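Residues per chain, in single letters:
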Amino acid sequence: MSNDSNYNGGLRESATFDRTTMDEIRRAADTGIYDIRGFGAKRKLPHFDDLLFLGASMSRYPLEGYREKCNTSVVLGDRFAKKPITLDIPITIAGMSFGALSANAKEALGRGASEVGTSTTTGDGGMTPEERGQSKKLVYQYLPSRYGMNPDDLRKADAIEVVLGQGAKPGGGGMLLGQKITDRVAQMRTLPKGIDQRSACRHPDWTGPDDLAIKILELREITDWQVPIYIKVGATRTYYDVKLAVKAGADVIVVDGMQGGTAATQDVFIEHVGIPTLAAIPQAVQALQEMGMHRKVQLIVSGGIRNGADVAKCMALGADAVAIGTAALIALGCNDPKYDEEFKKIGSAAGFYDDYQEGKDPAGISTQDPELMKRLDPVKAGHRLANYLRVLTLEAQTLARACGKNDLRNLEPEDLVALTVESAAMARVPLAGTSWVPGQGF
Amino acid sequence: MKTYDLTEAAVRDLNQALHDQSPECVEREFEVLNPKGQHNIACGIDQNLSVDIKGHAGYFCAGMNKKAHVTIHGNVGQGVAENMMSGTVRVKGDASQAAGATAHGGLLVIEGNAGARCGISMKGVDIVVKGDVGHMSCFMGQAGSLVVCGDAGEALGDSLYEVHIYVKGTVKSLGADCIEKEMRDEHIAELTDLLNRAGVDEDPASFKRYGSARQLYNFKVDNVSAY
């Protein structure tokens, strides 16, 4: 507050009607329409920062940090698929569409992921040759809109992800605004150039988990049972959703918490629908364990993962792997301070930019403008992403070794404590310094 | 002709045999006996085959079809010819919901009636229904043509993009942004061709044309009441 030029010691700002809230009321009054933006939830939520690891000491035996192996590889989709995916690191790139992102950004994601032996994922709008060409392991999303969906690309995929929802907007569809619809994007989506492209919130040809089971079998038949099939859900009623997904025949389940990003969604949706990633993981793991399917149906968790500690904590809570989206874009150059002047020209600032839907991203990532796109070198950006993924992995390994684990997947809830009552209740681990797990009956 | 009796063979065996023709076709004609409503029959074909299914089929029959000519001599369940790319799928009986959903190309002929959401999100396929179609048919239809020789249910063509819809009978109601349009010579010609390809004997002049008013193509505050 002391750096705020408007601050006057005699004035008191309302906690309820703070300046951001007032600005939104004025914006709504000016325009008559809700705010649409990209990025993910910006409100403060119980998160992985509220957990700590219990490093080994007398009662646990640590591993030597620089010498003893700590395995990071994971096999995904060995329940039914003839060709499960083996990832060298348990950190994958989440689905983000060509259309929302530039072709260069999609290529960079593929390059970065491939450099460190992990997978990347398509998004709404289909599979681009650049992305397929640069992604050694590519997951093809099967979305309600079915934009660009075709059996040839389906068979080129290393896995198929049936998307039921995403953390930023569980229960909602999407909209790619007309200003980002270039000739190429329009052609891939079979729609006229320049019109808004609505993505439905429900699949067009099935309506419930029993139907989904048949749909999954259809996808397996079309691909001759070669590749794993994931089901992705936005985190809400995660316990029940995971049970139904297992019953429907998923090989892998992706749970995306409410901190997960989006290309364009109503702000009210991003901030007020879904549950935090931290709260979703124990629900998913409980569902899998009760069905005897934990580690048999793999669990990928996404939504607000930023560093190796977040990765390790997800895995300690029972995830088999994590997926990153927003963090990957930041590694490529999203919101880079070097473009601060240009961000200001479009009414934003480096570190705050979230109007991905407008297609004016100075960093050349969330745009289809050919001149802006050129700013992102897919080779350099891909290498930056690879570096970042290596750091996440090294950090997660460091923490795992400190807990005496020679495999990231050997981390367990017993290695964690919580700093707050809320996070203890959500993560189902004890409050630090106590044996109290809120809600566990003791 | 190769015959698969699905009381003895699995759907997986049939589909694998159909897929095996993709790189090199050694058997062009297939007959499927006793389908008994099983799901996912003849999906994912990528070859100019002729497949006759002698009975009722379940969900997603001939899904994602490319090039093949599939005839179902009975009724079909949900999502027949979903996401078809090319070829022809003909249903001798009735079709359940979402017939031809998201299909990009080819011709789907339903000689009986089609249920709700026929042609939902269609992206270039031509669909000809000799009977009626259910509610919300052609919802968010993007490209292609839907011909209904009978009646259409509620909310036909809701949130329509560029599909051409032709209906001979009554329309219970039109969906958001779907309007009746003038039937010009080029539309008579298009409809004549569709009916001929489908083998349907109807007078094109007896149909009405429906299409998008294109008022909801861009999200505007003025249209809030339509959403």
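A few points on the structure. Quick caveat: nothing in here was measured; it's all calculated off a predicted structure.

Some thoughts on the overall build of chain B
Thought 1: When helices and strands are counted, chain B shows two helices and eleven strands.
Thought 2: Compactness check: chain B gives a C-alpha radius of gyration of 18 Å against a globular reference of 17 Å for 227 residues, within 12% of the reference.
Thought 3: A total of 227 residues make up chain B; the buried ones form 55% of that total.

Description of the overall build of chain A
Thought 1: Scanning chain A for helices and strands turns up 15 helices and 16 strands.
Thought 2: Relative to the compact-globule value of 22 Å for 442 residues, chain A shows a C-alpha radius of gyration of 22 Å, a close match.

So, the nonpolar core
Thought 1: Counting 200 residues, the largest nonpolar core has A:Tyr230, A:Ile253, A:Val322, A:Leu332, B:Leu108 and B:Val147 as its most contacted members.
Thought 2: If you tally residues by element for this core, the top one is helix α14 (residues 378-402) of chain A, at nine residues.

Considerations on helix α9 (residues 277-290) of chain A
Residues and elements named next belong to chain A.
Thought 1: Relative to the 20 Å expected for 14 residues at 1.5 Å per residue, α9 spans 20 Å between its end C-alpha atoms, a close match to the ideal helical length.
Thought 2: Extensive coverage of α9 is indicated by the burial of ten of its 14 residues.
Thought 3: Those residues of α9 not exposed but buried are Thr277, Leu278, Ala279, Ala280, Ile281, Gln283, Ala284, Val285, Ala287 and Leu288.
Thought 4: Looking at the packing, one finds that the buried side of α9 touches α7 (238-248), β12 (252-256), β14 (298-302), α10 (308-316) and α15 (421-427).
Thought 5: Backbone geometry just after α9 places Gly292 at a positive phi near 70°.

Describing the interface of chain B and chain A
Thought 1: The partner chain A presents 23 residues to the 37 residues of chain B that form the contact.
Thought 2: Contributions of two or more residues to the side of chain B that touches chain A are made by α1 (11-19) and β7 (123-129) of chain B.
Thought 3: Ranked by residue count, the leading element in the side of chain B that touches chain A is α1(B), at four residues.
Thought 4: Its residues assigned to classes, the side of chain B that touches chain A comprises 14 nonpolar, 16 polar and seven charged.

Notes on the sheet that holds strand β10 (residues 178-181) of chain B
All names here are of chain B.
Thought 1: Strand order in the open sheet made by the eleven strands is β1-β2-β3-β4-β5-β6-β7-β8-β9-β11-β10, with mixed pairing throughout. Of all the strands in the sheet, just β1 (2-5) and β10 have a single pairing partner and so form its edges. Between one strand and the next, the sheet's axes are offset by a mean angle of 15°, whatever the strand orientation.
Thought 2: Both β7 and strand β8 (residues 143-148) contribute to a ladder of five bridges, which runs parallel. Paired with Asp126 across the two strands is Ser145, which belongs to β8.

A look at the sheet that holds strand β7 (residues 138-142) of chain A
All names here are of chain A.
Thought 1: Read from one edge of the open sheet, eight strands run β5-β15-β14-β12-β11-β8-β7-β6, paired in parallel fashion. Every other strand in the sheet has two partners, leaving β5 (91-93) and β6 (120-121) as the edge strands with one partner each.
Thought 2: Bridge count between β14 and strand β15 (residues 321-324): three bridges; the pairing is parallel. Each residue of the ladder has a partner; that of Ser302, found in β15, is Ala323.
Thought 3: Along the sheet, α7 contacts β11 (229-234) and β12; its crossing angle with β11, the most-contacted strand, is approximately 160°.

Side note on the packing of α10(A) against α14(A)
Residues and elements named next belong to chain A.
Thought 1: Two elements in contact, α10 and α14, have axes separated by 7 Å at closest approach and are oriented at 55°. Looking at the two axes, α10 sits oblique to α14. In the crossing of α10 with α14, the sense of the turn from one axis to the other is right-handed. Contacts between α10 and α14 pair Gly308, Ala309, Val311 and Ala312 from the former with Val391, Leu392, Thr393, Leu394, Glu395, Ala396, Leu399 and Ala400 from the latter.

A word on unusual backbone geometry
Residue and element names in this part refer to chain B.
Thought 1: Even without being a glycine, Met64 presents a positive backbone phi close to 55°.
Thought 2: Backbone geometry places Asn83, a non-glycine residue, at a positive phi of 55°.
Thought 3: Relative to the helices and strands, Asn83 is located in the loop between β4 (69-72) and β5 (88-91).
Thought 4: On the basis of neighbour count, Asn83 is assigned to the buried category, with 30 C-beta atoms found within 10 Å.

As for α14(A)
Thought 1: Between its first and last C-alpha atoms α14(A) spans 36 Å; for 25 residues at 1.5 Å apiece the expected length is 36 Å, and the two agree.
Thought 2: Just downstream of α14(A), A:Gly404 is the residue with a positive phi angle, here 80°.

Thresholds applied
- Residues numbered from 1 in each chain as written.
- Chains lettered and ligands numbered in written order.
- Predicted model: local features only at pLDDT ≥ 70, side-chain atom pairs only at ≥ 80, totals over all residues.
- Helix = DSSP H or I, 4+ residues; strand = E, 2+ residues; numbered from the N terminus.
- Rg over C-alpha atoms; globule rule 2.2 N^0.38 Å.
- Buried ≥ 20, exposed ≤ 12 C-beta atoms within 10 Å, placed from the backbone.
- Core = buried A, V, L, I, M, F, W, Y, C linked by C-beta atoms within 7 Å.
- Expected span 1.5 Å × (residues − 1).
- Contact = placed C-beta atoms within 7 Å.
- Nonpolar A, V, L, I, M, F, W, Y, C, P; charged D, E, K, R; others polar.
- Pairing = 2+ DSSP bridges.
- Axes fitted to C-alpha atoms, helices over the stretch in contact; angles between N-to-C directions.
- Parallel < 35°, antiparallel > 145°, perpendicular 65-115°, else oblique.
- Left-handed = near helix turned anticlockwise from the far one by under 90°.

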